[in-house]
Amino acid sequence: MTKQTKDKILETATRLFYFQGFHGTGLNQIIQESGSPKGSLYHYFPQGKEQLAEAAIELSKRRIGASIQRYMNEFEDVEAALNAHILAMAELFDMESGLEEHSFTIMPFGLLAAESAFMNERLRKACGDTYKYWESIYYTKLISNGYSDESAVIISKAVSAMIEGAVTLSLSQRSNEPLLNISKVIPAILAQYK
């Protein structure tokens, strides 16, 4: 058994959890689609589906967080950084080829978060920690641009909520308009709390 096998199981599970939900995804489907033997899944994830889902949440936390951080580092101005991040996401929805190849960048994280909120405390906490982590990246950028602690908290939470909602709407509408609309209101939000 290799790390490559573990990674394949985790990648497959992450994609399935986010597009089908935790309860809509079975271990047999994960094994089949990853091409891994059943023993491998239980070797790497002895606690089963819940442990695998938690690992999938952690993977997305780091992967999407790295994408957000890249834009926050690239632009000194917070407005430019936020808009570059949002417009890059919007660009992924303005394509002919479908969403599968970009799934880790535009994961509908909200499906798993909403599903776990009432059903599984361990996963609810992992999802909550993930949102807090992403918000902390926005918060740090806002503080470095001279926003007060209170304003940075409000804006970072609002931006996170708007993006999460826009991703869900963009997926359901097969349109990048919800994300583009966020970029239009970012300047007003930033100006209001400066």
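Residues numbered from 1 in each chain as written. Predicted model: local features only at pLDDT ≥ 70, side-chain atom pairs only at ≥ 80, totals over all residues. Heavy atoms only, no water.

Right, let's get into the overall build of the protein chain. Scanning the protein chain from N- to C-terminus turns up nine helices and zero strands. Ordered by position in the sequence, the α and β elements of the protein chain form the string α-α-α-α-α-α-α-α-α. Against the globule reference of 16 Å for 194 residues, the protein chain gives a C-alpha radius of gyration of 18 Å, in line with a compact fold. Dimensions along the principal axes, computed over C-alpha positions, put the protein chain at roughly 55 × 35 × 30 Å. In the protein chain, which comprises 194 residues, the share counted as buried stands at 48%. Within the structure as shown, the protein chain displays about 9800 Å² of accessible surface, and the carbon and sulfur contribution to it stands at 53%. (Helix = DSSP H or I, 4+ residues; strand = E, 2+ residues; numbered from the N terminus. Rg over C-alpha atoms; globule rule 2.2 N^0.38 Å. Buried < 20%, exposed > 50% of the residue type's maximum accessible area, 1.4 Å probe, protein only. Areas by Shrake-Rupley, 256 points an atom, 1.4 Å probe, with all protein chains shown as cover.)

Before going further, it helps to spend a moment on the packing of aromatic side chains. Under the counting rule described, the total for this entry stands at two aromatic pairs. Arranged with centres 5.8 Å apart and planes meeting at 85 degrees, the rings of Tyr-131 and Trp-134 form a pair that is edge-to-face. Here the residue Tyr-131 and the residue Trp-134 both occupy positions in helix α7 (residues 121-144), the gap between them amounting to three residues, near one helical turn. For the pair shown, Tyr-131 and Trp-134 are each scored as buried. It is Lys-49 that lies over the ring of Phe-22; its NZ or CZ is 4.5 Å from the centre. In this structure, Lys-61 is placed above the aromatic ring of Tyr-133, and the distance from its NZ or CZ to the ring centre is 5.4 Å. (Phe/Tyr/Trp six-rings, centres within 6.5 Å; stacked < 30°, edge-to-face > 60°. Lys NZ or Arg CZ within 6 Å of the ring centre and 35° of its normal.)

What follows is about the side chain of Lys-141. Its place among the elements puts Lys-141 in helix α7. One buried charged residue, Lys-141, remains without a salt bridge, the closest side chain of opposite sign being Glu-76 at 7.4 Å. Not counting the four nearest positions on each side in its chain, Lys-141 is found in contact with Met-72, Phe-75, Glu-76, Asp-77, Val-78 and Ala-81. (Lys, Arg positive; Asp, Glu negative; His and termini not counted. Salt bridge = Lys/Arg side-chain N within 4 Å of Asp/Glu carboxyl O. Contact = heavy atoms within 4.5 Å.)

This next bit is on helix α9 (residues 177-193). The end-to-end C-alpha distance of α9 is 25 Å, a good match for the 24 Å that 17 residues give at a rise of 1.5 Å each. At Val-185, α9 shows its strongest bend, of approximately 35 degrees, with the proline Pro-187 following within four residues. Within the sequence span of α9, burial applies to Pro-178, Leu-179, Ile-182, Ser-183, Ile-186, Ile-189 and Leu-190. Where α9 is buried, its residues meet α5 (78-92), α7 and α8 (149-173). (Expected span 1.5 Å × (residues − 1). Bend = angle between axes of the 7 residues up to and from the residue.)

This part is about the side chain of Lys-61. Checked against the element boundaries, Lys-61 lands in helix α4 (residues 49-74). Among buried charged residues, Lys-61 stands out as having no salt bridge; its nearest opposite-charge side chain is Glu-58, 4.0 Å away. Once you skip the residues sitting within four places of it in the chain, Lys-61 turns out to touch Asp-129, Thr-130, Tyr-133 and Trp-134.

Confidence in the prediction for the protein chain averages 87 pLDDT; 91% of positions are at 70 or higher. Here residues 100-105 scores under 50 on pLDDT; set against residues more than four positions off or in separate chains, the count is 11 contacts. (pLDDT = per-residue confidence, 0-100.)

Before going further, it helps to spend a moment on the pattern of salt bridges. Counting across every chain of the model gives eight salt bridges. The shortest N-O distance in the salt bridge between Arg-63 and Glu-11 comes to 2.7 Å. Of this pair, Arg-63 sits in helix α4 while Glu-11 sits in helix α1 (residues 3-20), and the two are 52 residues apart along the sequence. The exposure class of Arg-63 is partly exposed, given its relative accessible area of 32%. Where Glu-33 meets Arg-15, a salt bridge forms, and the shortest distance between an N and an O atom there is 3.0 Å. Taken together, the residues span a long stretch of sequence, with Glu-33 in helix α2 (residues 27-34) and Arg-15 in helix α1 at a distance of 18 residues. Note on Glu-33: relative accessible area 41%, which makes it partly exposed. The class for Arg-15 is partly exposed, based on a relative accessible area of 23%.

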